[in-house]
Amino acid sequence: MLEQDILKHPTSILSAAQREQYFEEGAVLVEGAVPEVWLKRLRAASDEIIERSRAITESDGVYILEAGHCAAAPRLKRLSSPIDHHPDFWDFTSSSPAVEGAADLVGPDVKYHHSKLNFKWSKGGMKFDWHQDIQAWPHTDYSPVTVGLYLEDCQAEQGPLITIRGSHRGPLHSMYDVDRNWALRIPEDRIDMDKANHMIGPAGSLVMLNCRTIHGSAPNMSDRSRPFLLMVFSSADSFPYRANAIRSPRAGTIVRGQPARMSCHDPRPCEVPPDWSKGYVGPWAHQAGKTPNQAAE
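Each chain carries its own residue numbering, running from 1 in the direction its sequence is written. Per-residue local features are limited, in this predicted model, to residues with pLDDT of at least 70; the limit for side-chain atom pairs, both in listing and counting, is 80 or more; totals at the level of whole chains, interfaces and linings are taken over all residues. The basis for every side-chain value is the complete set of non-hydrogen atoms in the structure, without hydrogens or water.

### A few points about the overall build of the protein
Helical segments are the DSSP runs of H or I of at least four residues, strand segments are the runs of E of at least two, and each set is numbered from the N terminus. Along its length, the protein carries six helices and twelve strands. Relative to a compact globule of 297 residues, whose C-alpha radius of gyration would be 19 Å, the protein shows 18 Å and is just as compact. We call a residue buried when its accessible area falls under 20% of the maximum for its residue type, exposed when it is over 50%, and partly exposed in between, using a 1.4 Å probe and counting protein chains only. Buried positions account for 55% of the 297 residues belonging to the protein. By definition in these notes, contact holds between two residues if any of their heavy atoms fall within 4.5 Å. A sequence separation of at least 24 residues applies to 84% of the contacts in the protein between residues at least 6 apart. For the protein, the computed accessible surface area is about 12,800 Å², with 52% contributed by carbon and sulfur atoms. Each radius of gyration is computed over the set of C-alpha atoms, and the globule rule expresses the reference value as 2.2 Å times the number of residues to the power 0.38. For the accessible areas, the method is Shrake-Rupley and the probe is 1.4 Å, while residue cover comes only from the protein chains on display.

### Remarks on the pairing of strand β11 (residues 226-235)
Summarising burial for β11: ten of the ten residues are buried, a large majority. Two strands make a pair as long as DSSP finds a minimum of two bridges between them. Note that strand β4 (residues 110-120) and β11 share ten bridges and pair antiparallel. Paired with Ser 115 across the two strands is Met 231, which belongs to β11. As defined by bridge partners, strand β6 (residues 145-150) adjoins β11 across six bridges and the pair is classed as antiparallel. In the strand pairing of β11, Val 147 is matched with Met 231.

### Side note on the pattern of salt bridges
Any Lys or Arg side-chain nitrogen found within 4 Å of a carboxyl oxygen on Asp or Glu counts as a salt bridge. Enumeration over the complete set of coordinates arrives at 17 salt bridges. Across the pair Arg 41 and Asp 88 runs a salt bridge whose closest N-O atoms are separated by 2.8 Å. Residue Arg 41 is found in helix α3 (residues 36-53), and its partner Asp 88 is found in helix α4 (residues 87-94); the two are separated by 47 residues along the sequence. Overall, the relative accessible area of 31% leaves Arg 41 in the partly exposed class. For Asp 88, a relative accessible area of 15% gives the class buried. In this structure, Lys 195 engages Asp 192 in a salt bridge whose closest nitrogen and oxygen atoms are separated by 4.0 Å. Overall, Lys 195 belongs to the partly exposed group, its relative accessible area being 40%.

### A few points about the side chain of Thr 146
Relative to the assigned elements, Thr 146 resides in strand β6. Setting aside residues up to four positions removed in sequence, Thr 146 forms contacts with Asp 133, Trp 137, Val 207, Met 208, Leu 209, Leu 230, Met 231 and Val 232.

### Notes on the pairing of β4
A large share of β4 lies buried, amounting to eleven of its eleven residues. Two strands pair when backbone bridges link them, and strand β3 (residues 76-80) and β4 are joined in this way by three bridges, in the antiparallel orientation. Its bridge partner lying in β4, Leu 79 is registered against Leu 117. Sheet topology places β4 next to strand β12 (residues 254-256); two bridges connect them, and they run antiparallel.

### Here we look at the environment of Asp 104
Relative to the helices and strands, Asp 104 is located in helix α5 (residues 97-106). Note on Asp 104: relative accessible area 1%, which makes it buried. When the C-alpha atoms of Asp 104 and Ser 12 are compared, they prove to be 6.2 Å apart, with 92 residues separating the residues in sequence. Once residues lying within four places of it in the same chain are set aside, the contact partners of Asp 104 are Ile 6, Pro 10, Thr 11, Ser 12, Ile 13, Leu 14 and Arg 19. Any pair of nitrogen or oxygen atoms within 3.5 Å is treated as a polar contact; in protein, a donor-acceptor pairing is required on top of that, and neighbouring residues in sequence qualify only through side-chain atoms on both sides. A distance of 2.5 Å separates a polar atom in the side chain of Asp 104 from the backbone nitrogen of Ser 12. One polar contact links the side chain of Asp 104 to the main-chain amide nitrogen of Ile 13, over a distance of 2.9 Å.

### A short note on the packing of α4 against α5
It is at 5 Å that the axes of α4 and α5 come closest, and there the two elements cross at 35 degrees. Within the contact between the two elements, α4 uses Phe 92, Thr 93 and Ser 94 and α5 uses Pro 97, Ala 98 and Val 99. Split into classes, the residues belonging to the contact of α4 with α5 amount to four nonpolar, two polar and no charged. Note on geometry: axes are lines fitted to C-alpha atoms, helical ones only across the stretch in contact, with angles between N-to-C directions running from 0 to 180 degrees. Think of it as three bins: nonpolar holds Ala, Val, Leu, Ile, Met, Phe, Trp, Tyr, Cys and Pro, charged holds Asp, Glu, Lys and Arg, and polar takes everything else, Gly as well.

And the structure:
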């Protein structure tokens, strides 16, 4: 669904000003969107995942580990598709304020695409280089939105998400390097840091991120971890045309409203990523230049 059509529908949990900010700046943070009852369930599920990670010794397609991870001191960087590894994550992703918030930004009919649970551990949790998302999972339009939930308070020293205001209105940058390897990185000299917005907020805050918006994050140098649940939704009439990097049998599920009878197409082109059906190791390996991938034909 295109922006002008989305705006014809009333909002559910966002104010008119918050929705206006999203479409103007490419991101908005909504404090107090998720009640404590949900946070308790999701924190408990997150703790279970961390306990399971103690038995993991190498990163794979599900568990991505930080340097120094071990059974005695687990440092799980990411759990891919948490909805498939604990029922509470799917309960939240399919019927919660996150879905209602997505509907305010993509229209009343909402489709699930993928999710991940990112942990940025205290005292050195890794940064994430500047990038845009949609080139990794292109759709027929630019309705996809990432809805992120801070499970704990997130302050500036914890490496919060940083967005560049208005960058979604600008060009899509190539996510390939000069050798045509997938790098998922925009050089910092192309970033207008005067428009940087640090998305800090208390536990229960939702960060709504447009798929074209430039964003990244700094390392976590604090004494507190920063668990961040990320869910990607689109309009029901928006369709991906490349293999999903984070696979799930629930991908494509309509979580609100009705399935589309027609597809929506934005005329602006989008770069095509590598063929993720051959496997995906996670973004940090690509940013570190450890996994060259040639561009698709």
